[in-house]
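Understanding the architecture of this molecule
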Amino acid sequence: MARSIQFREALREAMSEEMRRDERVFLMGEEVAEYNGAYKVSQGMLTEFGPKRIIDTPITELGFAAVGVGAAQNGLRPIVEFMTWNFAALALDQILNTASKMLAMSGGQIHCPIVFRGPNGSAGQLGAQHSTAFESLYANIPGIKVVSPSNGYDAKGLLKQSIRYEEDPVVFMESEVMYGDKSEVPEEEYYIPLGKADIKKQGRDVTLVSFNKMMKVALGAADELEKEGISAEVIDLRTIRPLDWETVLESVKKTNRLVIVEEQWPFASVSSELSYRIQKEGFDYLDAPVRRITSADAPLHYAPNLVAAALPDVPRTVRLVKEVMYLNK
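Below you will find a few notes about this structure.

Criteria and thresholds
- Residues numbered from 1 in each chain as written.
- Predicted model: local features only at pLDDT ≥ 70, side-chain atom pairs only at ≥ 80, totals over all residues.
- Heavy atoms only, no water.
- Helix = DSSP H or I, 4+ residues; strand = E, 2+ residues; numbered from the N terminus.
- Contact = heavy atoms within 4.5 Å.
- Pairing = 2+ DSSP bridges.
- Axes fitted to C-alpha atoms, helices over the stretch in contact; angles between N-to-C directions.
- Buried < 20%, exposed > 50% of the residue type's maximum accessible area, 1.4 Å probe, protein only.
- 1 Å grid on protein atoms, 1.4 Å probe; cavity = no way out; pocket = protein on both sides within 12 Å on 5 of 7 lines; lining within 4 Å.
- Points joined across faces, edges and corners; volume = space filled by probe spheres on them.
- Nonpolar A, V, L, I, M, F, W, Y, C, P; charged D, E, K, R; others polar.
- Salt bridge = Lys/Arg side-chain N within 4 Å of Asp/Glu carboxyl O.

Turning to the environment of leucine 11, a few remarks are in order. Along the chain, leucine 11 turns up in helix α1 (residues 7-21). Sequence separation between leucine 11 and glycine 152 is 141 residues, and the spatial gap between their C-alpha atoms is 7.4 Å. Among all residues touching leucine 11, those that are not within four sequence positions of it are Val41, Arg117, Ala155, Leu159, Phe172, Glu174 and Tyr179.

In structure tokens form, the structure reads like this:
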């Protein structure tokens, strides 16, 4: 049986269920305990699990990331929450130079089963230093898996999978503006394997691909296109590394057109890699060039009109689809 719960509740359920199952799992980060989480994701978890497993940290991202990495390499299964992935830039040394490389550097002897999670990307008028989307940056690091869900159902299943089954680092990227979104989540236990995209809407004329909160743009554009008789297939990547380009390729074989919507900056982005894969393996199936819509190639400003101009939206996505269908005059 399913019930409608918020995105934050789905994350909380995933962590709590895995903590009840395995005493090696613990959560640490800024304000996760006494304050119930900066975004109330960990609300009530301190009461249930106590201060040895729900741990408030100082504002020292590099320091507490290092504690988590060391704990993971010594047999525990930490969840490290960053208040935002923008702040995790301070902890990049531990993520890049220790967590991601330890398995290779130890000749396969030392795993690092750790989940780094928190909100990512823009969230309204927060200014440039709090508004960067980091999926492509972390996906460029071998040894790390990158998850970026768009809804509570996927988030719970993917987070449980990451905590329970992944033996090496997982970067789990949420969205601050989606924490209050509701979705249908089963009461029974379930897991979603990493590396498998999900077709959210079947279609025949064009393939739309996105992830995280930009799925709202992709699905919104598909609804608008449907009103004009254009059938868009919409694919949610869900995980960025491993990247399930095969599911996208199979869709393109049917629709012959591909448009990618993402919040990254354009250079060396997720759409760059996906476009390369599809043109390499599916060139003969394409009736138009692969096109994409990304954030502006600039820091995100504070002013709401500049935020709106910089981020992908439904009208521009609809226009781009019509371009690949050669419908724009």
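For the rest of this paragraph, the subject is the sheet that holds strand β4 (residues 77-81). Within a sheet, adjacent strands bond to each other through the backbone by hydrogen bonds, running parallel or antiparallel. Pairing is mixed in the open sheet, where 7 strands are placed in the order β3-β2-β4-β5-β7-β6-β12. Each of the sheet's edge strands pairs with one partner strand only, and the pair in question is β3 (54-56) and β12 (239-241). Between one strand and the next, the sheet's axes are offset by a mean angle of 20°, whatever the strand orientation. Judged from the 5 bridges that link them, strand β5 (residues 115-119) and strand β7 (residues 170-174) form a sheet pairing that is parallel.

Moving on, we get to the side chain of threonine 132. As for its position among the elements, threonine 132 is in the loop between β5 and α6 (135-139). According to the relative accessible area criterion, threonine 132 is buried, its value standing at 11%. Not counting residues within four places of it along the chain, the set of residues in contact with threonine 132 comprises Asn86, Asn120, Gly121 and Trp265.

Applying the stated criterion across every chain yields a total of 3 cavities of 30 Å³ or more. As a volume, the largest cavity reaches approximately 120 Å³. For the largest cavity, the lining is made up of 15 residues, of which Ser131, Glu263, Trp265, Ser295 and Leu300 are closest to its centre. Per-class residue counts for the lining of the largest cavity are 9 nonpolar, 5 polar and 1 charged. If you add up the space inside the second largest cavity, you get close to 50 Å³. A per-class count over the lining of the second largest cavity returns 3 nonpolar, 3 polar and 4 charged.

Attention shifts here to the pattern of salt bridges. Taken as a whole, this structure holds 30 salt bridges when the rule is applied. Between arginine 21 and aspartate 22 there is a salt bridge, with its nearest N and O atoms 3.9 Å apart. When its relative accessible area of 37% is taken as the criterion, arginine 21 is described as partly exposed. Residue lysine 213 pairs with glutamate 263 through a salt bridge whose shortest N-O separation is 2.8 Å. On the criterion of sequence distance, the pair formed by lysine 213 in the loop between β10 (206-210) and α8 (215-227) and glutamate 263 in the loop between β13 (258-261) and α10 (270-282) is long-range, its members being 50 residues apart. By relative accessible area, which is 9% here, glutamate 263 ends up buried. Connected via shared salt-bridge partners are Arg3, Glu13, Glu17, Glu18, Arg21, Asp22, Arg24, Lys156, Lys160 and Glu189.

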